[in-house]
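Now for the letters of each chain:
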Amino acid sequence: MADSTGMVVQPSVALSEVVVALDTAVARVPLVPDDTVRIRSVSMFDADDLAAQADGGADQLTDAVLLVGIDGGTVTDWLTRLADPGRIGHRPVVIFTKTDAADLVDAASAVGISVVVVDSRARWDRVLMTVQAVLDRNDGLDRGRDDAGASALAHAVDVDLVGLVGLIAHGTGGLVSIEDATSARVLAYSPSKGEADDLRVQTILGRAGPPAYLELLREWGVFAAIRRGMEVVDVPEHPEQAMRRRLVVGVHSRSGRHLGSIWVQEGERPLADDASDVLRGAAAIAARILTREMQAPSTEGQLVQRLFGAHGGIDSSTAGAYLRWPIDEPVAVVGIAAVGGDERHRDEVMAAVGGSLRLHASAFVASALTTVLDGRAYLLFPATGSAAIIRWTRGLVTRFDDDPVLGGAMLHAAVVMPLAGLHDVPAGRAEVDRVLSATASGADAARVTTLAESRTAVLLGEILDVLAARDDLADPRLTILVDYDGEHDGGLVASVAAYLEAHGNVRDAARAMGVHANTLRYRIDRAQHLSGLRFDDAGDRLLTEIGLAVWRRRSVGYR
């Protein structure tokens, strides 16, 4: 339940703007506010909260108060007590109530408090969310509610969902709403202007639409179409159900994940001829907005990212105080990467699975912290038992095998522990990154590993990275063999690699290559003759093996 104490002060917004945002959730505004009535904060009160406030239990109310489940008589008595000059600081700017009674309105008017009567069918959680959203996004500008200022979707470079619905409404001439992927929550909507049909009204109020009409939409394949792709579906009017014509389009990420849908109801005027084109463009913009919002961290989320060394970092004392985590308690860091699948969507994939990882981590250890950075997930635990953490991590990464959200990728993990405390978390992240970079791409790499278990692979990989970045350290004799194979398909490089891996045993190397031993002997002799390398020399053998490893690292897919 919201409380006024310790509240962050928000920029003020006009109460009239809040009323417009609530749209059909508002039944009546008996005391019409002007633009001088502004609010900065909102809270929800039940009967117990109101009683505590009346007894002096609260120092100051929020500007807007949602009175939930409180009868009109109790509210009227409370408003009457607020007439006491000593309680001026305890008066809200506006109350939201589902009770529409003359004596309540008169009592509010006497103490200068505005009243908004909420539709009896509206859900209070939806009302609170809408009011808070108006406060959160306010920057002193009208963000898309004024259709006159919206000229084209081309202007929607940095627009949010609220601004986008205004642009769509202007471009289509209809009443717009954007819903989440479950169709259970309206994310943004344009003003209804008294033209909404029952489906739109019920949806905005947070209620299910008329069952018979919803069944028709299912039979017509509307819900299947918006889940399937970005096809614009033209839903005809249905006079028997008193439903207007509407257009609907699904919103999907670049990887094909269903993010939500955009609905445009026809009002008193027909929709614009190019409304379908406007919706297709809007769906692409909405996908970027929803993906960005999915990946954007909250205040606490950003602090956790800074704890892991991102955004300039943060001192451990500040992080520990905010997160209520002992700064000197030994900790464990787990890094998780997706291996395989389409690397172009790696960040999006890990952002999508991040919530599930957080859920499982919190179930394992209630105090666990989880974040996603640069296409990898990072978990922080108290380092209470290394065996238990590694065992749990093995179960975690396999739990997501065949999950369609990964797009064919598999999760790999690296664990580092114990670290001395929160100040070592950035170093822990760097260490798991080293391990994941060196081992995760290997075909036979362990799904979960540590630096101690993978030190050879990590150090060798980092040495090879240094060599691969230095063209002047490339051995021209090996380049001769690579060029020869490119012109003659001679198989010399692969034969030399097999010969060295078999420690000079021709029969083992030939068996690995699937050729006769004499064929392999010929290729080795030919390679030595062309390049000048001598494989009976320990230095040449070592340099050639290093050169081959660098070549494989540079040539993706070459073995």
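Source: prediction; values computed, not measured. (Residues numbered from 1 in each chain as written. Predicted model: local features only at pLDDT ≥ 70, side-chain atom pairs only at ≥ 80, totals over all residues. Heavy atoms only, no water.)

Enquirer: How do you make sense of the sheet that holds strand S16 (residues 410-419) when you look at a structure like this?
Expert: Within a sheet, adjacent strands bond to each other through the backbone by hydrogen bonds, running parallel or antiparallel. Taken in spatial order, the five strands make up an open sheet running S14-S15-S13-S16-S17, and their pairing is mixed. Looking at the sheet topology across the chains shown, the edges are occupied by strand S14 (369-373) and strand S17 (448-450). In this sheet, adjacent strand axes meet at a mean angle of 25 degrees when their direction is disregarded. With eight bridges connecting them, strand S13 (residues 331-339) and S16 associate as antiparallel partners. Each residue of the ladder has a partner; that of Val-331, found in S16, is Leu-419. Helix H11 (residues 299-307) contacts S14 and strand S15 (376-382) of the sheet and is inclined by roughly 80 degrees relative to S14. Lying on the sheet, helix H14 (residues 386-399) is in contact with S13, S15, S16 and S17; it crosses S16 at an angle near 165 degrees. (Pairing = 2+ DSSP bridges. Helix = DSSP H or I, 4+ residues; strand = E, 2+ residues; numbered from the N terminus. Axes fitted to C-alpha atoms, helices over the stretch in contact; angles between N-to-C directions. Contact = heavy atoms within 4.5 Å.)

Enquirer: Which parts of the structure should I look at to understand the environment of Gly-375?
Expert: Here Gly-375 is to be found in the loop between S14 and S15. Residue Gly-375 is classed as buried on the basis of its relative accessible area of 6%. Residues Gly-375 and Met-350, spaced 25 residues apart in sequence, show a C-alpha to C-alpha distance of 5.8 Å. For Gly-375, the residues in contact, after removing those within four places along its chain, are Arg-346, Asp-347 and Met-350. (Buried < 20%, exposed > 50% of the residue type's maximum accessible area, 1.4 Å probe, protein only.)

Enquirer: When you look at the environment of Leu-279 in this model, what are you seeing that I'm missing?
Expert: When you line up the elements, Leu-279 lands in helix H10 (residues 275-295). When its relative accessible area of 0% is taken as the criterion, Leu-279 is described as buried. Once the C-alpha coordinates of Leu-279 and Val-251 are considered, the two residues, 28 residues apart in sequence, prove to be 10.0 Å apart. Those residues within four positions of Leu-279 in sequence are excluded, and the remaining contacts are Ile-168, Val-232, Leu-247, Val-248, Val-249, Ile-262 and Val-264.

Enquirer: When you look at the pattern of salt bridges in this model, what are you seeing that I'm missing?
Expert: Here the idea is simple: oppositely charged side chains can pair when their charged atoms come close. Summed over the entire model, instances satisfying the criterion amount to 16 salt bridges. The shortest N-O distance in the salt bridge between Arg-121 and Asp-119 comes to 3.1 Å. Note on Arg-121: relative accessible area 34%, which makes it partly exposed. Among the residues examined, Asp-119 registers a relative accessible area of 12% and is labelled buried. When the shortest N-O distance is used, the salt bridge between Arg-470 and Asp-472 registers 2.8 Å. Take Asp-472: its relative accessible area is 53%, and that puts it in the exposed class. Each of Asp-374, Arg-376, Arg-429 and Asp-433 takes part in one network of salt bridges that share partners. (Salt bridge = Lys/Arg side-chain N within 4 Å of Asp/Glu carboxyl O.)

Enquirer: Help me understand the side chain of Arg-376, please; the structure alone is not making it clear to me.
Expert: Inspection of the secondary structure assignment puts Arg-376 in strand S15. Sequence-distant contacts of Arg-376, that is, excluding residues within four places in its chain, are made with Ile-336, Ala-337, Met-350, Thr-371, Asp-433, Leu-436 and Ser-437.

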